[in-house]
Amino acid sequence: ACFQWESRLCCRARFCGTSAERLASVIEDPDCDALIIGAGFSGLYLLHRLREAGFDARLVDSALEPGGIWYWNRYPGARVDSHVPLYELSLPELWRDWTWSERFPGWRELRSYFHHVCDTLALWPHMAMGTKVTNATWDEAGRMWHVRTDGGKTVTTRYLLPCLGFAAKPYLPEIEGIDDFAGPWHHTALWPQEGISMADRRVAIIGTGASGVQVAQEAAREASHLTLLQRTPILALPMRQQTLTTAQQDAEKAHYPDTFALRRQTSGGFDAASRQESTLAVDETERLRTYEMQWQAGGLRFWFANFSDLLQDEQANRLAYDFWRDKVRARISPALHETLAPTEPPHPFGTKRPSLEQTYYEIFAQDNVDLVDLKRAPILRIVPEGIQTAEGVIECDLIVFATGFDAGRGGLMQIEIVGRDDMKLAERWRDGVSAYLGYAVNGFPNMAYLYGPLSPSGFGNGPTLAEIQGDWVRDLLVAMRREGFTRFEAEAGAEREWTENVAAAGAMTLFPQARSWYMGDNIPGKPRQLINYPSVVGFASISDAVAADGYRGFTLG
Ligand code: NA7
């Protein structure tokens, strides 16, 4: 086997000598102990932990720079929705000398942070950027994975550890005529790395999720004209962005260890849990006081630090929705009330991820901004001049598809992963995802994925879960090495039980009432199921108990 690291950023052609002995020994001696795919939070943290534990772990990523989602999502306005210091790793050597310029950092600063992580943890020599994994095949006799890259190289690894994030596969709706469009068009997650100016252009944006809101705010400032095409109104929350000084952060760093410990103890991996009380157990004054407090605090707090039954009880949820609706209506003209903040909720509040906005509701008062309600005027096709809807042609020079992702399974299914008995992961998951603890799939030995389907990923703050899962997988591999095991596989029964558990947990919430990527049904034809376990702390305690019980539910050999 010959695997040449093709990185632009680093290169170590350690296994290029394909001697006869090397080829003969490869069956028992893989090129590396663990191959991680993906240089986002999960991948980099796991790489660090495994190397620290003495494993020969390597990492590949198709992107040219680390950052995962922050490499690909570099559209104007792209920024994170979790405030400082929640969206960073908790290792003191990483935060001690790092400062952010804003409470909700943008993509450029996030990318710099990932460079800082790779520099500080000395990860570069073990990373091959610009290297895309195309397929991975399990070799039962050799107990290893044969992994191929787009450059035609192969590496063998004992453990295959995809860390692809929840949004590795952008979703582009099939709209007739896209190739006829005279101007450029881009999906937000595949934005040109060199950027594209919106100045003096007529821009049309399809989609009003988090990405659509962020691009729209920028386009409203830069473009000569912006048309925003909305299918469902976003229930957006005020970000309340702030610039941060170094002195301010230095003072707060004394509390960072407590904050990082706390974020492991909450259902969303944030620095606060929901309140203990039910909405319906307090009087109106107390309810409104609580709502107002979270609203003013900004960010996602109105979502994750609300009353305990926000996402479980329809009546409680409706009260929160009404509060949200009235706050938004105070910022827009009455003519837009039913389109942007309707009397009746389009879905229970918070069952689609509420994006954060800064000036979103004000842009609709600008002369250069139009809002098109696709429920009233659906898109018929794309024509050379722009987008043809049932009410006429929207002329534009640039089309932005802010249409989201095949979340959860999409990234894993676009790699051809072939397990035991020639079983393909894409076929196993065609009718719905199933996995044990959201880590491992029966029939796919020695593969553990992080931040993927049936883990809490979509509900959990990225770095919090990267650490919980990274530590857990490191501990599993350490325990196997200690006991002399070279193979693990999720048991079919354990996988079935966990998959049913996630569905049962979801059935106790209001999430199934929305058509969202949480439910897998933002993509036509994708099976409908809750794709994530709805509690970080609950997940951590269950997976810790599994480990303490000798990795119950896994066959170790
Ligand atoms: P989202 O949140 O999935 O939003 C996608 C948006 O695109 C949403 O408004 C969709 O409307 C809209 N959409 C999707 N398909 C179409 C078609 N065919 N026609 C019109 N509109 C369409 O993706 P984002 O990238 O904004 O955010 C993803 C996550 O990243 C977000 O949750 C945060 O966690 C960060 P719909 O609501 O389905 O009617």
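Quick note: structure is the one above.
Here the structure is a predicted model, which means the values were calculated and not measured.

Colleague: I would appreciate a short explanation of the site of the ligand in the present structure.
Modeller: Looking at the ligand, there are 19 residues lining it, with Thr208, Ser211, Thr232, Lys352 and Arg353 nearest. Contacts to the ligand include serine 211, whose side-chain N or O atom sits 2.6 Å from an oxygen atom. In this structure, an oxygen atom belonging to the ligand sits 3.1 Å away from a side-chain N or O atom of arginine 353. Contact with the protein chains covers 84% of the free accessible surface of the ligand, which is 780 Å². Grouping the amino acids of the shell around the ligand by side-chain chemistry returns 9 nonpolar, 7 polar and 3 charged.

Colleague: What am I meant to see in the sheet that holds strand 4 (residues 133–139) here?
Modeller: By way of backbone hydrogen bonds, the strands of a sheet pair with one another, either parallel or antiparallel. Pairing is mixed across the open sheet formed by 7 strands, whose spatial order is 3-2-1-6-5-4-17. Only two strands of the sheet have a single neighbouring strand rather than two, namely strand 3 (127–129) and strand 17 (416–418). If you compare each strand with its neighbour and ignore which way they point, the axes differ by 35° on average. Inspection of the sheet shows strand 4 paired to strand 5 (residues 144–149) by 6 bridges, in the antiparallel sense. Looking at the pairing, asparagine 135 lines up with arginine 148 of strand 5. Those strands touched by helix 2 (residues 41–52) are strand 1 (32–37), strand 2 (57–61), strand 3 and strand 6 (154–162), and its axis lies near 165° from that of strand 2.

Colleague: Would you mind showing me how to read the environment of tryptophan 324 here?
Modeller: Residue placement: tryptophan 324 occurs in helix 11 (residues 314–329). When the C-alpha atoms of tryptophan 324 and phenylalanine 166 are compared, they prove to be 28 Å apart, with 158 residues separating the residues in sequence.

Colleague: It is not clear to me how the pattern of salt bridges should be interpreted in this structure. Could you clarify?
Modeller: Where charged atoms from two side chains of opposite charge approach closely, those side chains can pair. This model, assessed by the stated rule, comprises 42 salt bridges. In this structure, glutamate 357 engages arginine 331 in a salt bridge whose closest nitrogen and oxygen atoms are separated by 2.8 Å. Of this pair, glutamate 357 sits in strand 11 (residues 356–357) while arginine 331 sits in the loop between helix 11 and helix 12 (337–340), and the two are 26 residues apart along the sequence. For glutamate 357, a relative accessible area of 2% corresponds to the buried category. In this structure, arginine 420 engages glutamate 489 in a salt bridge whose closest nitrogen and oxygen atoms are separated by 2.5 Å. Residue arginine 420 is found in the loop between strand 17 and helix 15 (425–428), and its partner glutamate 489 is found in strand 18 (residues 488–490); the two are separated by 69 residues along the sequence.

Colleague: Looking at this model, I keep getting lost on the sheet that holds strand 8 (residues 202–206). Mind explaining?
Modeller: Taken in spatial order, the 5 strands of this open sheet run 7-16-8-9-12, and their pairing is parallel. The open sheet has two edge strands, strand 7 (185–187) and strand 12 (369–373), and neither has a second partner. Averaged over all adjacent pairs, the angle separating strand axes in this sheet is 15°, with direction ignored.

Colleague: For this particular structure, what's the right way to read the pairing of strand 14 (residues 386–389)?
Modeller: For strand 13 (residues 379–383) and strand 14, the ladder comprises 4 bridges, and the chain directions are antiparallel. Along strand 14, the bridge assignment pairs isoleucine 379 with threonine 389. Counted along the chain from strand 13 to the antiparallel partner strand 14, the turn is 2 residues long. As judged from the 4 bridges shared by strand 14 and strand 15 (residues 392–395), these two strands associate in the antiparallel manner. Looking at the pairing, threonine 389 lines up with glycine 392 of strand 15.

Colleague: I tried to follow the packing of helix 9 (residues 284–297) against helix 11 on my own but got confused; where do I start?
Modeller: Any two packed helices are characterised by the angle at which their axes cross and by the distance between the axes. Packing of helix 9 against helix 11 brings their axes to within 11 Å, and their N-to-C directions diverge by 55°. The pairing of helix 9 with helix 11 is recorded here as oblique in orientation. Like other packed secondary-structure pairs, helix 9 and helix 11 cross with a definite hand, here right-handed. Taken together, the residues of helix 11 that come into contact with helix 9 (itself represented by Arg287, Leu288, Tyr291, Glu292, Trp295 and Gln296) are Ala316, Leu319, Ala320, Phe323, Trp324 and Lys327.

Colleague: Quick question: what am I supposed to make of the packing of aromatic side chains here?
Modeller: For any pair of aromatic rings, the description rests on two quantities: the centre-to-centre distance and the angle between the ring planes. Tallied over the full model, the rule gives 40 aromatic pairs. On the numbers, 6.2 Å between centres and 45° between planes, the contact of phenylalanine 41 with tyrosine 113 is tilted. Here tyrosine 113 lies in helix 5 (residues 107–120) and phenylalanine 41 lies in helix 2, a separation of 72 residues in the sequence. With relative accessibility at 9%, the residue phenylalanine 41 sits in the buried group. With a relative accessible area of 0%, tyrosine 113 lands in the buried category. When the ring of tryptophan 98 is compared with that of tyrosine 113, the centres are 5.5 Å apart and the planes differ by 65°; the resulting orientation is edge-to-face. Linking tryptophan 98 in the loop between helix 4 (92–95) and helix 5 with tyrosine 113 in helix 5, this pair joins segments that are 15 residues apart in sequence. By relative accessible area, which is 14% here, tryptophan 98 ends up buried. Chaining the aromatic ring pairs together yields one cluster made of Tyr159, Tyr436, Tyr439, Trp472, Phe488, Trp498, Tyr533, Phe539, Tyr551 and Phe554. The ring of phenylalanine 55 has arginine 481 lying over it, and the distance from NZ or CZ to the ring centre is 4.2 Å.

Colleague: Before we go on, may I ask you to explain the pairing of strand 8 in this structure?
Modeller: Both faces of the sheet carry side chains from a regular strand, because those side chains alternate between them. In terms of residue burial, strand 8 counts as a mostly covered element, since 4 of its 5 residues are buried. As paired elements, strand 8 and strand 9 (residues 225–230) share 5 bridges and run parallel to each other. Within strand 9, the residue paired with isoleucine 205 across the bridge is leucine 228. Once you follow strand 8 into helix 6 (residues 210–222) and on to strand 9, the crossover reads as right-handed. Taken together, the 4 bridges between strand 8 and strand 16 (residues 398–401) define a ladder with parallel strand orientation. Within strand 16, the position partnered with isoleucine 205 by the bridge is valine 400.

Cut-off values and rules
- Residues numbered from 1 in each chain as written.
- Predicted model: local features only at pLDDT ≥ 70, side-chain atom pairs only at ≥ 80, totals over all residues.
- Heavy atoms only, no water.
- Near = heavy atom within 4 Å.
- Polar contact = N/O pair within 3.5 Å; in protein donor to acceptor, adjacent residues only side chain to side chain.
- Areas by Shrake-Rupley, 256 points an atom, 1.4 Å probe, with all protein chains shown as cover.
- Nonpolar A, V, L, I, M, F, W, Y, C, P; charged D, E, K, R; others polar.
- Pairing = 2+ DSSP bridges.
- Helix = DSSP H or I, 4+ residues; strand = E, 2+ residues; numbered from the N terminus.
- Axes fitted to C-alpha atoms, helices over the stretch in contact; angles between N-to-C directions.
- Contact = heavy atoms within 4.5 Å.
- Salt bridge = Lys/Arg side-chain N within 4 Å of Asp/Glu carboxyl O.
- Buried < 20%, exposed > 50% of the residue type's maximum accessible area, 1.4 Å probe, protein only.
- Parallel < 35°, antiparallel > 145°, perpendicular 65-115°, else oblique.
- Left-handed = near helix turned anticlockwise from the far one by under 90°.
- Phe/Tyr/Trp six-rings, centres within 6.5 Å; stacked < 30°, edge-to-face > 60°.
- Lys NZ or Arg CZ within 6 Å of the ring centre and 35° of its normal.
- Right-handed = clockwise from strand over helix to strand, strands pointing away.

By themselves these figures say nothing about function.
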